[in-house]
Amino acid sequence: YVSASGTVMKADANTPAKAAVGFAPSAISNAASGTIIFHDGKITTTGLTLGTLYYLSNTTTGAFAAYASLTFATGDIQQKVGIAESTTVLRFFAGETILIA
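Every value quoted in this text rests on a predicted model; they were computed, and no experiment measured them.

With that settled, the discussion passes to the side chain of N58. Positionally, N58 belongs in the loop between strand 2 (53-56) and strand 3 (64-66). Residue classification places N58 among the buried residues on the basis of a relative accessible area of 8%. There is a polar contact of 2.6 Å between the side chain of N58 and the backbone oxygen of T71. Polar side-chain contacts of N58 include one of 3.1 Å to the side chain of D76. Not counting chain neighbours up to four residues away, the residues in contact with N58 comprise A13, N14, L70, T71, F72 and D76.

This next bit is on the layout of surface pockets. The space that makes up the largest pocket amounts to roughly 990 Å³. Surrounding the largest pocket, 34 residues form its lining, M9, K10, A24, I36 and G62 being those nearest its centre. Tallying contributions element by element places strand 1 (residues 41-44) first for the lining of the largest pocket, with 3 residues. Classifying every residue of the lining of the largest pocket gives 20 nonpolar, 11 polar and 3 charged.

Let's shift gears to the packing of aromatic side chains. One pass over the structure, following the stated rule, counts 4 aromatic pairs. Ring centres of Y67 and F72 lie 6.0 Å apart, and the angle between their planes is 40°; on these two criteria the pair is classed as tilted. Owing to a relative accessible area of 42%, Y67 belongs among the partly exposed residues under this scheme. Through a chain of ring-to-ring contacts, three or more aromatic side chains come together here, namely Y55, Y67 and F72.

Rules and cut-offs
Residues numbered from 1 in each chain as written. Predicted model: local features only at pLDDT ≥ 70, side-chain atom pairs only at ≥ 80, totals over all residues. Heavy atoms only, no water. Helix = DSSP H or I, 4+ residues; strand = E, 2+ residues; numbered from the N terminus. Buried < 20%, exposed > 50% of the residue type's maximum accessible area, 1.4 Å probe, protein only. Polar contact = N/O pair within 3.5 Å; in protein donor to acceptor, adjacent residues only side chain to side chain. Contact = heavy atoms within 4.5 Å. 1 Å grid on protein atoms, 1.4 Å probe; cavity = no way out; pocket = protein on both sides within 12 Å on 5 of 7 lines; lining within 4 Å. Points joined across faces, edges and corners; volume = space filled by probe spheres on them. Nonpolar A, V, L, I, M, F, W, Y, C, P; charged D, E, K, R; others polar. Phe/Tyr/Trp six-rings, centres within 6.5 Å; stacked < 30°, edge-to-face > 60°.

Structural data, given as structure tokens:
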């Protein structure tokens, strides 16, 4: 997400204002400069299930998880962030957010 000061931070499904808007194609250290992709793109990772939709995690800041592994609380957001094109490639897209009441 983009903070009020204009800094890009890790998305967080526990706070509606911190929805995912893009991704870093490679790791960026805290307070360092780096590249952020603000449109659809591919994230290379491991452990994905082909064809599965992935959502912004509400347990690990900046991460994503399959829907079945998530448990939502009041005030969390549900946001699709991509689909697995293979076991190692997630096609990222910042989906709309749904506030859990």
